[in-house]
Amino acid sequence: MIVVTGATGNVGRPLVALLTAAGERVTAVSRRAAEPPRGVRHVRADLDDPAGLKDAFDGADALFLLVAGQDPQAILDAARAGGVRRVVLLSSQGAGTRPEFYRHPAAFEDAVRRSGLEWTILRPGGFHSNAYAWAESIRRGDAVAAPFGDIGLPTVDPADIAEVAAVVLCEDGHVGRTYELTGPAQATPRERAAAIGAALGAPVRFAEQTREEARAQMLGFMPEQVVEGTLAILGEPTEAELRVSPDVERVLGRAPLSFADWAGRNVAAFR
């Protein structure tokens, strides 16, 4: 049995569907009530309460783990006690490129490596789906706003992350590896807005924020150190952060999906 934490999220939801379609037994874990796909067991639990995960882990042999909660060692201990022998951690590119800002995912990575379990770490960059933050503005006909409008990064489709996770959870040959997950090409915020406009068949206006305007907005939903790290990546990306990684294609045998692919599949969110 495979336990998927964050099962209602942008990665967890398609991952549950992929595993179920492949005939795997799945326990979907989320903090809020959810209606899982047919044949999937749902457990409502919080990674901040490792003791409350016992029911989810009992009888499991693999775990897809989010960076959530404050005690990764306690989560991993509970997983091992339940029978888990393989863990796939959804971390962040920033844990490798800017660990001084991304201390939380870096701590999870360290705990996973020391756990004694078979492990694989996934380090995606920014998600294509971060553009959902623009949906309300686009529906109103307003301009979308982002800082550093002409700096491109190779953001990644959550569907690709889910497919990579499904492969490494179910197949051998990935133990002890860290995969950097990106899209197929760099795209700027201005270009991403244009791609949504192309999917809609109507132009989407773009307004560039100052760094301080973006910082003030991001502080409303992100810790300060993560805000500073994110702004540094967006505005002054390192060579590693600009690099298009081969790892999605290496694992899946196909090129990663572009932002335009994502926009076309999810255009209904912007109408």
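The preceding data block contains the structure.
Caption draft 1: Representation of the overall build of the protein. Across its full length, the protein carries 13 helices and nine strands. What you see for the protein is a C-alpha radius of gyration of 19 Å, in line with the 18 Å of a compact globule of 271 residues. Judged by the C-alpha coordinates and their principal axes, the protein covers about 50 × 40 × 35 Å. Scored against the burial criterion, the 271 residues of the protein give a buried share of 50%. Put simply, 72% of the contacts in the protein that link residues at least 6 apart link residues at least 24 apart. If you sum the accessible surface of the protein, you get close to 12,400 Å²; carbon and sulfur atoms cover 50% of it. If you average the places of the 29 positive and of the 35 negative side-chain charges in the protein, the two averages end up 3 Å apart.

Caption draft 2: Representation of the sheet that holds strand β8 (residues 177-181) in the model. Spatial ordering of the open sheet is given by β3-β2-β1-β4-β5-β6-β8, a layout of seven strands whose pairing is parallel. Every other strand in the sheet has two partners, leaving β3 (41-44) and β8 as the edge strands with one partner each. The mean inter-strand angle of the sheet, taken between neighbouring strand axes irrespective of direction, is 20°. Running over the sheet, helix α1 (residues 12-21) touches β1 (2-5), β2 (26-30) and β4 (62-66) and is turned about 165° from β1.

Caption draft 3: Molecular detail of the pattern of salt bridges. Inspection of every chain in the model, using the stated rule, returns 22 salt bridges. Between R41 and D55 there is a salt bridge whose closest N-O contact spans 3.5 Å. In this pair, R41 is assigned in strand β3 and D55 in helix α2 (residues 54-57), connecting sequence segments 14 residues apart. Accessibility expressed as a relative area gives 47% for D55, which makes it partly exposed. Note that R140 and D142 form a salt bridge whose closest N and O atoms lie 2.7 Å from each other. Judged by its relative accessible area of 32%, D142 is partly exposed. Connected through shared salt-bridge partners, R85, R86, E118 and D172 make up one network.

Caption draft 4: Molecular detail of the layout of surface pockets. Taken as a whole, the second largest pocket spans an internal volume of roughly 170 Å³. As for the second largest pocket, its lining consists of N10, R13, P14, S129, Y132, D157, P158, A159, W262, R265 and N266. Contributions of two or more residues to the lining of the second largest pocket are made by α1, α7 (158-170) and α13 (259-265). Residues belonging to the lining of the second largest pocket are distributed by class as follows: five nonpolar, three polar and three charged.

Caption draft 5: Region of interest: the packing of helix α9 (residues 211-218) against helix α10 (residues 224-235). At a minimum axis separation of 10 Å, α9 and α10 run at an interaxial angle of 145°. Read as a crossing pair, α9 and α10 show a hand that is right-handed. Facing R211, A214, R215 and M218 of α9, the residues of α10 in contact are E224, V227, E228, T230, L231 and A232. Classifying every residue of the contact of α9 with α10 gives five nonpolar, one polar and four charged.

Conventions adopted
- As a convention, each chain's residues are numbered from 1 in the sequence order in which they are written.
- For this predicted model, a pLDDT threshold of at least 70 governs which residues receive local features, and a threshold of 80 or more governs which side-chain atom pairs are given and counted, while totals over whole chains, interfaces and linings are taken from all residues.
- The side-chain numbers reported here are obtained from all heavy atoms of the structure, hydrogens and water having been left aside.
- Numbering of helices and strands runs from the N terminus; a helix is a DSSP stretch of H or I covering at least four residues, while a strand is a stretch of E covering at least two.
- Only the C-alpha atoms count toward the radius of gyration. The rule for a globule is 2.2 Å times the residue count to the power 0.38.
- Burial classes: relative accessible area under 20% of the type maximum marks a residue as buried, over 50% as exposed, and values in between as partly exposed (1.4 Å probe, protein chains only).
- Contacts are assigned to residue pairs with any non-hydrogen atoms lying within 4.5 Å of each other.
- Per-residue and other accessible areas were derived by the Shrake-Rupley procedure at a 1.4 Å probe size, with only the shown protein chains allowed to occlude residues.
- Two residue types count as positive, namely Lys and Arg, and two as negative, namely Asp and Glu; His and chain ends fall outside the count.
- To locate a charge, take NZ of a lysine, CZ of an arginine, CG of an aspartate or CD of a glutamate.
- By this definition, two strands are paired if DSSP reports at least two bridges between them.
- Here the axes come from fitting lines to C-alpha atoms, over the contacting stretch only for helices, and the angles between their N-to-C directions go from 0 to 180 degrees.
- Here, a salt bridge means any Lys or Arg side-chain nitrogen found within 4 Å of an Asp or Glu carboxyl oxygen.
- The method works on a 1 Å grid over the protein atoms by themselves. A cavity is a set of points holding a 1.4 Å probe that cannot get out, a pocket is an open set with protein on both sides within 12 Å along at least five of seven lines, and residues with an atom within 4 Å of a point line them.
- Grid points are joined across faces, edges and corners, and a volume is the space filled by probe spheres set on the points.
- Residues are grouped as follows: Ala, Val, Leu, Ile, Met, Phe, Trp, Tyr, Cys and Pro are nonpolar; Asp, Glu, Lys and Arg are charged; all remaining types, including Gly, are polar.
- Left-handed is the label given to a crossing in which the near helix is rotated counterclockwise from the far helix by less than a right angle, and right-handed is the label when the rotation is clockwise.

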